[in-house]
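Residue-level listing of the chains:
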Amino acid sequence: MFKGFTDKTVDFMWNLRFNNNKSWFMENKNEFKAVLEKPMHELAQEVYSRFISNHDELNLRLHIARIYRDARRPNIHGPYKDHLWFTIRQQNEEWTDKPVFWFELAPETLSYGLGYYRAKPLTMQKLRARIDKSPKPLQLLNDKLERQSEFILEGDEYVRPKGDPASPLAAWYNKKTFSLIHEEGITEAVFSPDLVNRVTQGFEFLIPFYMYFETLDADPDPLGNR
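Throughout, a residue's number is its position along its own chain's written sequence, starting from 1. Given that the model is predicted, a residue must reach a pLDDT of at least 70 before its local features are reported, and side-chain atom pairs must reach 80 or more before they are shown or counted; all residues, however, enter totals for whole chains, interfaces and linings. Only hydrogens and water are set aside; all other atoms, that is, all heavy atoms of the structure, feed into the side-chain values.

Student: Would you take a moment to explain the packing of helix α3 (residues 29-53) against helix α7 (residues 195-214) for this structure?
Tutor: The geometry of a pair of packed helices is captured by two quantities: the angle between their axes and the separation between those axes. Note on definitions: angles span 0 to 180 degrees between N-to-C directions of axes, and those axes are lines fitted to C-alpha atoms, for helices only across the stretch in contact. Helix numbering and strand numbering both begin at the N terminus, where a helix is a DSSP run of H or I of at least 4 residues and a strand a DSSP run of E of at least 2. Running from N to C, α3 and α7 cross one another at 45°; their axes reach a closest spacing of 9 Å. The orientation of α3 relative to α7 falls into the category oblique. Our pair here, α3 against α7, has a crossing hand that is right-handed. Between α3 and α7, the residues in contact are Leu43, Glu46, Val47, Arg50 and Phe51 and Leu195, Val196, Asn197, Val199, Thr200, Phe203, Glu204 and Ile207, respectively. When residues are grouped by polarity, Ala, Val, Leu, Ile, Met, Phe, Trp, Tyr, Cys and Pro land in nonpolar, Asp, Glu, Lys and Arg in charged, and all others, Gly among them, in polar. Classifying every residue of the contact of α3 with α7 by side-chain character gives eight nonpolar, two polar and three charged. In these notes the angle categories are as follows: under 35 degrees is roughly parallel, over 145 is roughly antiparallel, 65 to 115 is roughly perpendicular, and the rest is oblique. By convention the crossing between two helices is left-handed if the near helix lies anticlockwise of the far one by an angle smaller than a right angle, and right-handed if it lies clockwise. Residues are treated as being in contact if the distance between any of their heavy atoms lies within 4.5 Å.

As structure tokens, then:
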């Protein structure tokens, strides 16, 4: 049962950031397992269990990140991640171009939401074509987003806008990729068992957005390519 992260969790992540080497990590591996890996797995399993009990038809799977960075990609920051996350997503090799629910804990922040790790240009072309053809469905979702304060729309935009900057959906239309994200500093929420409820409820709010974006794959190529 998830009881909340602790001060030791945050301390471990900070220490790992400034001592990101194999020698230090091996000396502190048991600490990692106790204060970060174990509660992250407990949080992930409880959120997934509650969330999927209402949405089993979506066939989503839980994936919990490992602490080890990809050894095939040398990283100047060291061989270990100083933050950890889990995702709830499709069981698909090309998941980076699919909408993904995620939670992440870093030394200075927690965040969760829905978005693309790296949307393909074709995916965003399909979104723009859908907006051009029928803007109302996304407009209704955008109205829903603007009526709350938990999540905001983020993502890199094109330097040259692809649509009218004054359009109500310009923020969506001109994105290269995007996320609906909640982010905050390390507050009491991190240390509370209620984090399970909070993240689960956040994912529930995002379900209509997931359903909208998950179907983009089936849209025709706007350029007529096959």
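Still to come is the rest of the account.
Student: Quick question: what am I supposed to make of the packing of aromatic side chains here?
Tutor: Note on aromatic contacts: the rings of Phe and Tyr and the six-membered ring of Trp form a pair at centre separations within 6.5 Å, being stacked when their planes are under 30 degrees apart, edge-to-face when over 60 apart, and tilted otherwise. Tallied over the entire structure, the rule returns 22 aromatic pairs. Residues Phe25 and Phe32 carry aromatic rings whose centres are separated by 5.5 Å and whose planes lie at 50° to one another, so their mutual orientation is tilted. Take Phe25: its relative accessible area is 0%, and that puts it in the buried class. Between Trp172 and Phe178, the aromatic rings sit 5.3 Å apart at their centres with planes inclined by 80°, giving edge-to-face as the arrangement. Accessibility expressed as a relative area gives 0% for Trp172, which makes it buried. In textbook terms, an aromatic cluster arises when at least three aromatic residues are bridged by ring pairs, as seen for Phe12, Trp24, Phe25, Phe32, Tyr68 and Tyr80. One Lys or Arg, Arg130, reaches over the ring of Tyr212 and ends 4.7 Å from the middle of that ring. Both a distance and an angle decide whether a charge sits over a ring: NZ of Lys or CZ of Arg must be within 6 Å of the ring centre and within 35 degrees of the ring normal. Over the ring of Phe205 we find Lys144, and its NZ or CZ is 4.9 Å from the ring centre. Each residue is assigned to one of three classes by its accessible area relative to the maximum for its type, calculated with a 1.4 Å probe on protein chains only: buried under 20%, partly exposed between the two thresholds, exposed over 50%.

Student: Honestly, helix α4 (residues 121-133) in this entry has me stumped. Any pointers?
Tutor: An α-helical turn contains 3.6 residues, so any two residues separated by three or four positions project in the same direction. Between its first and last C-alpha atoms α4 spans 18 Å; for 13 residues at 1.5 Å apiece the expected length is 18 Å, and the two agree. Looking only at α4, the buried set comprises Thr123, Met124, Lys126, Leu127, Arg128, Arg130 and Ile131. On its buried face, α4 is in contact with α5 (136-146), α6 (170-173) and α7. Expected helix span is taken as 1.5 Å per residue step, with the number of steps being one fewer than the number of residues.

Student: When you look at the pattern of salt bridges in this model, what are you seeing that I'm missing?
Tutor: Two side chains carrying opposite charge are able to pair once their charged atoms lie near each other. Salt bridges are defined as contacts in which a side-chain nitrogen from Lys or Arg sits within 4 Å of a carboxyl oxygen from Asp or Glu. Taken as a whole and judged by the stated rule, the model has nine salt bridges. The partner of Glu37 in a salt bridge is Lys33, and the shortest N-O contact between them spans 3.5 Å. In this pair, Glu37 and Lys33 are both assigned in helix α3, four residues apart and thus about one turn of the helix distant.

Student: Quick question: what am I supposed to make of the nonpolar core here?
Tutor: A general tendency of soluble globular proteins is for nonpolar side chains to be buried together. To qualify as a nonpolar core, a set must consist of buried Ala, Val, Leu, Ile, Met, Phe, Trp, Tyr and Cys residues joined through side-chain atoms within 4.5 Å. Judged by nonpolar contacts, the single largest core of 59 residues is most densely connected at Phe86, Ile88, Phe101, Phe103, Trp172, Phe209 and Phe213. For Phe101, the contacting residues outside a window of four places in its chain are Phe51, Leu60, Phe86, Thr87, Ile88, Gly113, Leu114, Phe203, Leu206, Ile207 and Tyr210.

Student: Teacher, can you tell me more about the environment of Thr109 here?
Tutor: Structurally, the position occupied by Thr109 is in strand β4 (residues 109-115). Considered as a pair, Thr109 and Val190 are 81 residues apart in the sequence and their alpha carbons are 9.2 Å apart. The contact partners of Thr109, leaving out residues within four places of it in the chain, are Glu104, Glu183, Glu184, Gly185 and Ile186.

Student: Please explain α5 as it appears in this structure.
Tutor: Along α5, the residues that are buried comprise Leu138, Leu141, Asn142 and Leu145. The buried residues of α5 occupy an angular sector of 100° when projected down its axis, which confines them to one face. Structurally, α5 contributes buried residues whose contacts are with α4, β5 (152-154), α6, β6 (179-185) and α7. This arc corresponds to the set of directions leading from the helix axis out to the C-beta atoms.

By themselves, these observations are geometric and do not establish any function.
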